[in-house]
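# Coordinate inspection notes
In case you want the letters, here they are:
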Amino acid sequence: MGNSPEKQQILAEAYALRAYLYFDMVNLYGKHFNSATAASDRGVPINLETDLEEVLKPSSVQEVYNQVHADVKKAEELMVQEQQVSGVNYRFSKVAIKAFQARIALYQGDWDAARTYSDQALAIKSTLSNLNTANVAPNHYTSVESIMALDNPADMNVQNLGIISPELISKYDNTSDKRFVMYFEKKNNLYKLIKGEAQISEYPSELRNCIL
């Protein structure tokens, strides 16, 4: 494929997704980032080449974060699309990169950088959903707040088996809090989660298959 904006965008998204996955894995399976111990804390293996015979060993948390930053930097340099249109907004864009950088900085305790990247993301997209008139939750891919619809908040098994604790329910005013009816429903005197699969089933097949 010759050099083109399309190729550049695809490469940018590939780097961004790799960064996102390593960031996700190190926070699932490694220790929380601590600048004093990150160089020796056990993280996850970094594998950038295809070698079926290679025996992978865990890298340090610092090394994984270094790789995340390197991939994000390449993605940022290559990224063409400022925002993705609704329906393909599971793909990275310039504003999604800024939001991701803010989250990385937050996890590393770099508050100034987290604020800077957040401000840069908000300069591109800062629309808030009016829950008085909105008919979808802010996490829905069609919401005016949506920057990147990549996660699946809860699948059907969680919704069917999970019960929302009274402690969480008590944090909401179930008569005036507009979020309440978008996130929870009452069945047999128990509250269940509706933020997730019920909404994802309404997504276009291309987007739904990516999320699931």
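In what follows, the accompanying structure is described.

## A few points about a nonpolar patch on the surface
- There is a patch of nonpolar side chains on the surface, built from Met25, Leu28 and Tyr29 and spanning about 350 Å² of accessible area.
- On the basis of relative accessible area, Leu28 is assigned to the exposed category, the value being 59%.

## Regarding helix H2 (residues 61-78)
- Helix length check: H2 (18 residues) gives 26 Å between terminal C-alpha atoms against 26 Å at 1.5 Å per residue, within 8%.
- Every buried residue of H2 is listed here: Val61, Val64, Tyr65, Gln67, Val68, Asp71, Val72 and Ala75. In a view along the axis of H2, the buried residues occupy a sector of 155 degrees, so they form one face of it. Turned more than 90 degrees off the buried face of H2, the exposed positions are Lys73 and Glu77.

## Observations regarding the pairing of strand S3 (residues 184-187)
- Here S3 runs beside strand S4 (residues 190-193); their pairing, made up of four bridges, is antiparallel. Of the residues in S4, the one forming a bridge with Glu185 is Lys192.

## Things to note about the pattern of salt bridges
- Taken as a whole, this structure holds seven salt bridges when the rule is applied.
- One salt bridge connects Arg18 with Asp71, and the closest N-O pair in it is separated by 2.8 Å. Pair noted here: Arg18 is in helix H1 (residues 5-29) and Asp71 is in helix H2, with a separation of 53 residues, a long-range link.
- On the basis of relative accessibility, which here comes to 25%, the residue Arg18 falls in the partly exposed class.

Cut-off values and rules
Counting restarts for each chain, with residues numbered from 1 along the sequence as it is written. The predicted nature of this model means local features are confined to residues of pLDDT at least 70 and side-chain atom pairs, given and counted, to a pLDDT of 80 or more, with totals for whole chains, interfaces and linings taken over all residues. Only hydrogens and water are set aside; all other atoms, that is, all heavy atoms of the structure, feed into the side-chain values. Patch members must show over 30% relative accessible area and no salt bridge, and they are joined within 9 Å when carrying like charges or within 5 Å when they are nonpolar side chains of Val, Leu, Ile, Met, Phe, Trp or Tyr. We get accessible surface area from the Shrake-Rupley algorithm with a probe of 1.4 Å; when it comes to residues, only the shown protein chains can shield them. Salt bridges, as used here, are contacts in which a Lys or Arg side-chain nitrogen is within 4 Å of a carboxyl oxygen on Asp or Glu. Note on exposure labels: buried denotes an accessible area under 20% of the residue type's maximum, exposed denotes more than 50%, and partly exposed covers the range between, all computed with a 1.4 Å probe on protein chains only. To qualify as a helix, a DSSP run of H or I must reach at least 4 residues; to qualify as a strand, a run of E must reach at least 2; elements of each kind are numbered from the N terminus. Multiplying 1.5 Å by the residue count of a helix minus one yields the expected span of that helix. The reported arc concerns the directions from the helix axis to the C-beta atoms and nothing else. Being paired, for any two strands, means DSSP has found at least two bridges between them.

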